[in-house]
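Summary of structural features
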Amino acid sequence: MSMTTLNRLPMRSILQRGASALSAPIKSSSQNARLSTSAAAATTAATNSNDFPSYLLEAPTTEITKFTSGLRVASETMLGSNTATVGVWIDAGSRYETEHNNGAAHFLEHMAFKGTSKRTQYQLEIEIENMGGHLNAYTSREQTVYFAKVFEKDVPRAMDILADILLRSRLDPMAISRERDVILREMKEVNKQNEELVLDHLHGTAFQGSGLGRTILGLEQNICSLTRDDLREYIDTHYLAPQMVIAGAGAVDHGQLCELADHYFGDLRSELNEEQMKSDAVCLDKGNFVGSDVRIEFKSDPMVHMALAYEGSSWTSEYAYPLMLLQTIIGSYDRAHGRPVTSHLCHDVATNELANSISTFNTCYKDTGLFGLYAVAEREKVGDLMKCITNNLAQLVNYVSEEDVERAKIALKATMLMGLDGNTNVCEDIGRQLLTYGRRMTAAEIFQRIEELSVDDVKAAAHRVFHDKDHAMTAVGGIEGLPSYEWIRNNSY
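So, a few notes on the structure that sits alongside this text. (Residues numbered from 1 in each chain as written. Predicted model: local features only at pLDDT ≥ 70, side-chain atom pairs only at ≥ 80, totals over all residues. Heavy atoms only, no water.)

1. Focus: the overall build of the chain
For clarity, the threshold we go by: Only DSSP runs of H or I with at least four residues qualify as helices, and only runs of E with at least two residues qualify as strands; both kinds are numbered from the N terminus onward. Three exposure classes are used, based on accessible area relative to the maximum for each residue type with a 1.4 Å probe and protein chains only: buried under 20%, partly exposed in between, and exposed over 50%. The contact criterion used is simple: two residues touch if any of their non-hydrogen atoms lie within 4.5 Å.
A tally of helices and strands in the chain yields 20 helices and 13 strands. Across the 493 residues that make up the chain, the buried fraction comes to 55%. A separation threshold of at least 6 residues defines the contact pool for the chain, and within that pool the share at least 24 residues apart is 81%.

The structure is reproduced here in structure tokens:
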């Protein structure tokens, strides 16, 4: 299989700011072609390179190779590391499911470890254990991930196992039947966790009627009725070469990883046939935000768990980074961890003892997002809490101080760097960025984007999200004191 190697830019080559740069496809005119920036961007980089600390400028680069099939291989070699994380990031999750097969991606995650055409479940477990390795997987609304953490010498075996469980899973009908009970028990445990329950209902009402509104685990009737053919159809429809990224970090050699990817994943199809294209299984609808709410009252419950959200931004939106800053500015508070001193909203909540905890979330998807707050409060205080939240959010449209923005920039940079500690976190970052951006941004580029944000950028993002906008809300518990949807809507400006 032929391939094109795309070497990452040196850290000093900072790309120009803007959504167009985020979403621009990677192009190469020849093998071993080096990505290049425009002259203006190069000038900016030369001007600003001295502003970055050495640990950014001297950080390892990410090598990216794209096969003619569309499969991408990306890795970052970390000197001194004796272990590696390698995995497969797939551009498919519960959003890509239909009402009929909702839950298939998560079901496959369970079935992947139940045996393949080459290995029984026992042999798979023993092989991983004898390597001292760790094999895991997770499913989200837009991505499915399988990864392994192993010693350097075991990277080839890890790639063999990953290909085996992904492409040659037995999907034994008896094992499928047994796994239904496991997933149903998992569903019951998830539903006992108020935060999981609230956020699932939040997606269900905010994106009602679309793939983003469906749960990751799927409906109970689907779990009980999904067949081997349903699971195989999902694999055949979505496990295509252009939708996959093979990522590695730590003690990995990029050339070797490319050879392994070619050997184990070289036969992946690049596109669907005509019959599959017409199938109902091909589904990716637009995530249309709907102003609405879901209220589940338990009269005996002394607490309220609630989430208030507005339509946020996609991964590549011009508002993506301003909203990251805004999330940091609004902040979070937990009564057990003491009183905040910088967030105006959290300070008001803490001073007046309006909630046990409150946190800001900023969830991005391909074409939309959710920006909002999750709070836990006593039922008697939920009305005052909502008044405090709406008042503070409305003020952000007109007032954000320079001090708030600068403080948030430092905190956001620190959070970003701390999230890259360890080769597993780096591997996760590589896989996610290639699926969402089509490339991997360097830490220096991200710092540059953050540093260029102004007070006006943050206020513009707040205006776009909060000012006179519909909201989605889910509340569970003793909610009789919660203001009406209309009251909250009328106090959004």
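Okay, back to it.
2. Side note on empty space enclosed by the protein
Heads up, the condition is: Throughout, the protein atoms alone are placed on a 1 Å grid, and a set of points is a cavity if a 1.4 Å probe fits but cannot get out or a pocket if it is open with protein on both sides within 12 Å along at least five of seven lines; lining residues have an atom within 4 Å of a point. Grid points are joined across faces, edges and corners, and a volume is the space filled by probe spheres set on the points.
Applying the stated criterion to the full structure yields one cavity of 30 Å³ or more. As a volume, the largest cavity reaches approximately 40 Å³. Taken together, L108, A112, Y146, I165, L166, S169, I235 and Y239 make up the full set of residues lining the largest cavity.

3. Examining the packing of aromatic side chains
Quick note on the threshold: Centres within 6.5 Å make a pair out of two Phe, Tyr or Trp rings, where for Trp the six-membered ring is used; the pair is then stacked when the planes are under 30 degrees apart, edge-to-face when over 60, and tilted otherwise.
Tallying each qualifying case throughout the model produces six aromatic pairs. With a centroid separation of 6.5 Å and 90° between ring planes, the pair formed by F207 and Y365 is classed as edge-to-face. Taken together, the residues span a long stretch of sequence, with F207 in the loop between helix 8 (194-206) and helix 9 (220-225) and Y365 in the loop between strand 11 (357-364) and strand 12 (369-378) at a distance of 158 residues. Side by side, F207 and Y365 carry an identical accessibility label, which is buried. Measuring from centroid to centroid gives 6.3 Å for W315 and Y437, while their planes differ by 85°, and the two rings are edge-to-face. Pair noted here: W315 is in the loop between strand 9 (303-311) and helix 13 (320-330) and Y437 is in the loop between helix 17 (423-436) and helix 18 (443-451), with a separation of 122 residues, a long-range link. One exposure class covers both W315 and Y437, and it is buried. Taken together, the aromatic side chains of F207, F289 and Y365 make up a single cluster linked through ring pairs.

4. A look at the pattern of salt bridges
Under the convention used in this document: Here, a salt bridge means any Lys or Arg side-chain nitrogen found within 4 Å of an Asp or Glu carboxyl oxygen.
Enumeration according to the criterion identifies 28 salt bridges in this entry. R95 is the partner of E142 in a salt bridge, and the nearest nitrogen-oxygen pair spans 2.6 Å. Of this pair, E142 sits in the loop between strand 5 (134-139) and strand 6 (144-151) while R95 sits in the loop between strand 4 (83-90) and helix 4 (104-111), and the two are 47 residues apart along the sequence. Overall, E142 belongs to the buried group, its relative accessible area being 6%. The class of R95 is buried, set by a relative accessible area of 1%.

5. Brief notes about the pairing of strand 2 (residues 63-67)
Where we set the bar: Any two strands between which DSSP finds at least two bridges are classified as paired.
Where strand 2 meets strand 3 (residues 72-77), four bridges bridge the pair, whose relative direction is antiparallel. When the bridges of strand 3 are listed, I64 appears paired with A74. In this antiparallel pair of consecutive strands, strand 2 and strand 3, the connection spans four residues, and G70 shows a positive phi of 105°.

6. Considerations on the environment of T436
Put simply, the test is: Polar contact is the term for a pair of N or O atoms within 3.5 Å; when the atoms are in protein, one must be able to donate a hydrogen and the other to accept it, and sequence-neighboring residues count only if both atoms are side-chain atoms.
Among the secondary structure elements, T436 is positioned in helix 17. With 72 residues separating them along the chain, T436 and C364 place their C-alpha atoms 9.8 Å apart. Of the polar contacts made by the side chain of T436, one reaches the backbone oxygen of R432; its length is 2.8 Å.

7. Here we look at the nonpolar core
Under the convention used in this document: Here, the term nonpolar core denotes a set of buried Ala, Val, Leu, Ile, Met, Phe, Trp, Tyr and Cys residues that are joined through side-chain atoms within 4.5 Å.
Of all hydrophobic cores here, the largest spans 59 residues; its most connected members are M306 and F466. Residues within four places of M306 in sequence aside, it is in contact with V198, L373, Y374, A375, V382, L385, M386, I389, T474, A475 and L482. In this structure, L71, V73, A104 and I165 belong to the second largest nonpolar core, which totals 57 residues.

8. Section: the environment of E220
Positionally, E220 belongs in helix 9. Dropping the residues within four chain positions of it, E220 is found in contact with L184 and M187.

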